[in-house]
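Now for the letters of each chain:
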Amino acid sequence: MTLPTNHPLRIVLNDEVHARTPEALSAPCRISYLAFKTDETSRGDIGRKVQELAERFGRPVPDDKATHYSENFGTFRFTYERHSEFSRFMVFTEGPNGELFGHPAIKALPEDWVAGLPGSLIVAANVELVRGADSLPDPDEISSRYFAGNVLVGASVASGAGRVFTDFRIHDDGFTRFLMQDISLTPRQAGRLAQRLLEVDSYRMMALLAFPVARDLSPFLSTCEAELARITAALVKPGDINEPELLERLTTLQAEIENRRSVSAYRFAAAAAYYDIVKHRIAELREGRIEGLQMFQEFTERRLEPAMSTCAAATARQESLSTRVAQATQLLSTKVDVTLEQQNQAVLASMDRRAQLQLRLQETVEGLSVAAITYYIVGLVGYGAKGLKTAELIPLNPEIVMGACIPIVAALVFWGTRRVKAHIAK
């Protein structure tokens, strides 16, 4: 039967659940594990180092874009996995040959190749898988022989099918150590158990990368909170305030906070995701208590959870501070707007008063204009009356004629001025 055309990602998405499958392990065996914090450049360099190793041993060379590579190199088995922030290697050899942790699996790799690996080493661990008896071992003896007398973390796992011991400390050889006892583990169970233990260690370290960021952020947040307190105190203080200066300080404060948030937001979000993975991987161990030892869950809750709580508190503190600065900025902006409205009202009132004064002045000028025009017209009438009297054309006294004309001329001038003013206004 011919099927319809596949979605471009169908095969990739289906095979994703089968990627990075754990190796089947049988006791006794040894595992060495390296995890490197990488960036875009070092990820490509690590991929090329894996290709170089395969070419050196005459094994199939992985693709440049491969995120997983697993191959049997004869005397050892090698796996490589690339993740978003780190890359990791696992080397498997049969053993043990001699004392536990005395001949780690990483010695099967060329020393110069290991020394030239790019990136920053974040985890290095050696795992010894040995056959265990049904009876409980003496934790003190295990600690003194293999863990330098350090306090152990241990539990029975896989519903009692195995036991695991570690101290989560970096020993003189630069590696942490895990001792796995196989009581009734199947090879696939043993492989999954080793993978989960190493993932717990890896994701624990990746999660803790956020803790120094949170610790360094605390003084900065305290300084910002003190500055915000001073600004808000100035806002509620009675009397005039320098609003442009306060707005500039708030804007600068908001920019600094947002800059720190942009730097730390991804780190804190990644830490929360890694912490969730750690808790899930520990739950998958199906731990049982060994008397006198902390279980992995207890160790994680006591050591890792406070650090993650600190990171969560720093995140919440940043969010709260940013919100409070935004609210203070909005409050100051509102205060500035109210002040501007008050100033505008004062300007409008002043303009209204000036308009009224101009109107009164105009009316005064109009009155003076009427008087002046009347004076000149009456003067002209007087000259005319004097001329007519000199010519003996009228018997009236010119002063009487002028006096009689004053009210008539004034009334006509006033009426004419009003008509002209009304016409201009219209």
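Engineer: Is there a simple way to explain the overall build of the protein in this structure?
Structural biologist: From N to C terminus, the protein includes nine helices and eight strands. A compact globule built from 426 residues would reach a C-alpha radius of gyration of about 22 Å, whereas the protein, at 47 Å, exceeds it by more than 25%. Dimensions of the protein, computed from C-alpha atoms along their principal axes, come out at roughly 160 × 60 × 45 Å. The contacts of the protein with a sequence gap of at least 6 include a subset with a gap of at least 24, amounting to 71%. Counting every atom, the protein has about 24,400 Å² of accessible surface; 57% of that belongs to carbon and sulfur.

Engineer: Explain the pattern of salt bridges here, please?
Structural biologist: Applying the stated rule across the entire model yields 24 salt bridges. The salt bridge partner of Arg-145 is Glu-141, with a shortest N-O separation of 3.9 Å. Residue Arg-145 and its partner Glu-141 are located together in helix H4 (residues 139-146), separated by four residues, close to a single helical turn. Residue class for Arg-145 comes out partly exposed when judged on its relative accessible area of 47%. Relative accessible area serves as the criterion here: at 42%, Glu-141 is assigned to the partly exposed category. Residues Arg-281 and Glu-199 are paired through a salt bridge, measuring 2.4 Å at the closest nitrogen-oxygen approach. Here Glu-199 lies in helix H5 (residues 187-208) and Arg-281 lies in helix H7 (residues 243-284), a separation of 82 residues in the sequence. Judged by relative accessible area, which is 7%, Glu-199 ranks as buried.

Engineer: Teacher, can you tell me more about helix H6 (residues 210-236) here?
Structural biologist: Residues that lie three or four places apart on an α-helix share one face, since the helix turns once every 3.6 residues. For H6, which comprises 27 residues, the first-to-last C-alpha distance of 38 Å matches the rise-based estimate of 39 Å (1.5 Å per residue) to within 8%. The largest bend along H6 reaches roughly 30° and is located at Ser-218, with the proline Pro-219 sitting one to four residues downstream. Taken together, the buried positions of H6 are Ala-210, Ala-214, Leu-217, Phe-220, Leu-221, Cys-224, Glu-227, Leu-228, Ile-231, Ala-234 and Leu-235.

Engineer: So what exactly am I meant to see when it comes to the pairing of strand E8 (residues 176-182) here?
Structural biologist: Two faces, one strand: in a regular strand the side chains alternate between the faces of the sheet. With seven of its seven residues buried, E8 lies for the most part within the structure. Along E8, one buried face is formed by Thr-176, Phe-178, Met-180 and Asp-182 and the opposite face, lined by Arg-177, Leu-179 and Gln-181, is buried too. In this structure, strand E5 (residues 120-131) lies alongside E8, joined through seven bridges in parallel fashion. Bridge assignment links Val-130 to a residue of E8, and that residue is Gln-181.

Engineer: Honestly, the sheet that holds strand E4 (residues 86-94) in this entry has me stumped. Any pointers?
Structural biologist: The strands that make up a sheet are held in pairs by hydrogen bonds between backbone atoms, and each pair lies either parallel or antiparallel. Taken in spatial order, the eight strands of this open sheet run E2-E3-E4-E1-E5-E8-E7-E6, and their pairing is mixed. With partners counted over all chains shown, the strands left at the sheet margins are strand E2 (68-72) and strand E6 (153-157), one partner each. The average undirected angle you get between the axes of adjacent strands in this sheet is 15°. Alignment of strand E7 (residues 162-166) against E8, held across five bridges, turns out to be antiparallel. From the neighbouring strand, Gly-162 faces E8, where its bridge partner is Asp-182.

Rules used in this analysis
- Residues numbered from 1 in each chain as written.
- Predicted model: local features only at pLDDT ≥ 70, side-chain atom pairs only at ≥ 80, totals over all residues.
- Heavy atoms only, no water.
- Helix = DSSP H or I, 4+ residues; strand = E, 2+ residues; numbered from the N terminus.
- Rg over C-alpha atoms; globule rule 2.2 N^0.38 Å.
- Contact = heavy atoms within 4.5 Å.
- Areas by Shrake-Rupley, 256 points an atom, 1.4 Å probe, with all protein chains shown as cover.
- Salt bridge = Lys/Arg side-chain N within 4 Å of Asp/Glu carboxyl O.
- Buried < 20%, exposed > 50% of the residue type's maximum accessible area, 1.4 Å probe, protein only.
- Expected span 1.5 Å × (residues − 1).
- Bend = angle between axes of the 7 residues up to and from the residue.
- Pairing = 2+ DSSP bridges.
- Axes fitted to C-alpha atoms, helices over the stretch in contact; angles between N-to-C directions.

Just geometry here; none of it tells us what the structure is for.
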